[in-house]
Amino acid sequence: MFFGDCYVTGGNGCFSPIDNGVPVGDVAYGAGGPESAFNGALFFGIFISTMLILNEGARGKWVIMLPVIIGSAIMSVCLWIYWNSESAAGDLPKYVSVIVTLVYTGAYLLLREEGVNEGLSDFKPGLKINDKIAMVSLILLILAGLFYSLRMILSPDSVIDAGFPEGYSGSLDKDLGMGEPFPTTVSVSGALILIYTLFSALVLLDGASGKWTVLHPSMFAFITVTISIFVGLIAGNARNASDQNQLDAMTGAVVMLLVLISYFRLKGEGVEDGITFLGEPVEDEGMWTNSLLLFALVMGALFAASEIILPMM
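Per chain, residues are indexed from 1 in the order of the written sequence. pLDDT decides what is reported in this predicted model: residues at 70 or higher carry local features, side-chain atom pairs at 80 or more are listed and counted, and totals for whole chains, interfaces and linings draw on all residues regardless. Here the side-chain values reflect all heavy atoms present in the structure, with hydrogen atoms and water set aside.

Trainee: Sorry if this is basic, but what is going on with the overall build of the chain here?
Mentor: Broken down by element type, the chain carries 10 helices and 2 strands. In sequence order, the secondary structure elements of the chain are arranged as α-α-α-α-α-α-α-α-α-β-β-α. It is over C-alpha atoms that the radius of gyration is taken, and the globule rule equals 2.2 Å times the number of residues to the power 0.38. Relative to the 2.2 N^0.38 estimate, which gives 20 Å for 313 residues, the radius of gyration of the chain is 20 Å and therefore close to what a compact globule would have. Taken over the C-alpha atoms alone, the chain extends approximately 55 × 35 × 35 Å along its principal axes. Note on classification: 1.4 Å probe, protein chains only; a residue is buried when its accessible area is under 20% of the maximum for its type, exposed when over 50%, partly exposed between these limits. A burial count over the chain gives 49% of its 313 residues as buried. Areas reported here follow the Shrake-Rupley algorithm with a probe of radius 1.4 Å; residue values treat only the protein chains shown as occluding. Counting only carbon and sulfur atoms, one obtains 66% of the accessible surface of the chain, whose full area is about 15000 Å². Across the chain, the centroid of the 13 positively charged side chains sits 10 Å from that of the 29 negatively charged ones. Numbering goes from the N terminus for both helices and strands, where a helix is a DSSP run of H or I of at least four residues and a strand is a run of E of at least two. The convention is simple: Lys and Arg are positive, Asp and Glu are negative, and His and the chain ends are not counted. Where a charge lies is defined by one atom per residue type: Lys uses NZ, Arg uses CZ, Asp uses CG and Glu uses CD.

Trainee: What's the story with the packing of helix H8 (residues 212–235) against helix H10 (residues 287–312) in this structure? I'm lost.
Mentor: Any two packed helices are characterised by the angle at which their axes cross and by the distance between the axes. A fitted line through C-alpha atoms represents every axis, and for helices the fit uses only the stretch in contact; the resulting angles, taken between N-to-C directions, go from 0 to 180 degrees. For the pair H8 and H10, interaxial distance at closest approach is 9 Å and the crossing angle is 35 degrees. As for the relative orientation of H8 and H10, their crossing is right-handed in sense. Between H8 and H10, the contacting residues are His216, Met219, Phe220, Ile223, Thr224, Ile227, Ser228, Val231, Gly232, Ile234 and Ala235 on the first element and Trp288, Leu292, Phe295, Ala296, Met299, Gly300, Phe303, Ala304, Glu307 and Ile308 on the second. Three residue categories are used. Nonpolar comprises Ala, Val, Leu, Ile, Met, Phe, Trp, Tyr, Cys and Pro, charged comprises Asp, Glu, Lys and Arg, and polar comprises the others, including Gly. Across the contact of H8 with H10, the residue classes break down as 15 nonpolar, 5 polar and 1 charged. Each helix crossing is assigned a hand: it is left-handed if the near helix lies turned anticlockwise from the far helix by less than a right angle, otherwise right-handed if that turn is clockwise. Working rule for contacts: check all heavy atoms of both residues, and any pair within 4.5 Å makes them a contact.

Trainee: Explain helix H5 (residues 132–154) here, please?
Mentor: Three- or four-residue spacings in an α-helix give side chains the same orientation, since the helix completes a turn every 3.6 residues. With 23 residues, H5 should cover 33 Å at 1.5 Å per step; its first-to-last C-alpha distance of 32 Å lies within 8% of that length. Buried residues of H5: Ala134, Met135, Ser137, Leu138, Leu141, Ile142, Gly145, Tyr148, Ser149, Met152 and Ile153, and no others. Elements in contact with the buried residues of H5: helix H3 (62–82), helix H6 (156–163), helix H7 (183–206) and helix H9 (243–265). We define a polar contact as two N or O atoms separated by no more than 3.5 Å, with the added condition that, inside protein, one atom must be a possible hydrogen donor and the other a possible acceptor, whereas residues neighbouring each other in sequence contribute only through side-chain atom pairs. One side-chain oxygen of the residue at the start of H5 lies 3.1 Å from the amide nitrogen of Ile133, identifying that residue as Asp131. Expected helix span is taken as 1.5 Å per residue step, with the number of steps being one fewer than the number of residues.

Trainee: Would you mind showing me how to read unusual backbone geometry here?
Mentor: If a residue is not glycine, its phi is most likely negative; likewise, a peptide bond is most likely trans. Phi angles above zero are rare outside glycine, and Leu278 is one such case at about 55 degrees. Along the chain, Leu278 falls in the loop between strand E1 (276–277) and strand E2 (280–281). According to the relative accessible area criterion, Leu278 is exposed, its value standing at 54%.

Trainee: So what exactly am I meant to see when it comes to the side chain of Ser36 here?
Mentor: Mapped onto the secondary structure, Ser36 falls in helix H2 (residues 33–56). Beyond its immediate stretch of four places on either side in the chain, Ser36 contacts Gly4, Tyr7, Val8 and Thr185.

Below, the structure written as structure tokens:
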């Protein structure tokens, strides 16, 4: 999420801890830097959810693991279907996605003895949110998530065409990583968005009690997305030249607000039931609010450093 532009240029002329390995002139060179950074922010939320399982225990965490398994499996299929064989980029991501999906699924099966499926047998879908504002927020999150994820998964080319119409006036400088994204990158975005959509659907259909486990990763992910877009607009490396670009940027911020509204409105319905930190019950009610503010401040500083300050040095 910090080095998307350098990732897609194979680290040419800039630093990237990992890159796609393509040389200058390759068909994939400089394609989809902002979209790769967006995927990185979404992966960050999945990372948070996995750390939550490790640090807080597996009991009842099917609400995290099943959506991630579904999204990861779809992502693996997308990588194989939409992979561009004309590029010299290594095939490693295709195999890693399958391996990670299998390992994660294996972990889920092994964690049954630790109560990962607690509450799953009682799951009976229905509208179980009483707060009307939270309910509307969740419904909007689900509808927006399905709209974006299904289009990106099933028809990534049409998504690219909408974002980069004929006469597109934005930067497509491949040396800056601003070339049009590949369908592979877009489809991965769709698979990741689907995971967060399933998170919201579980809150709406299973009730708010204890659902901090899925709303926390969503909050951290979309706060990161919003900050990255804002800093990118200042730095000049965000997509902002077509109507679809602008709609996407606005949607990211709206999603962040809807997730935050849902979480704080649902405190009265037990969204923080059983909340722990490093396995210990959280007694300070303001802890997570302060943590979110601190997180946003730190993340803003990191994005500003990587996208504005470092390029000027």
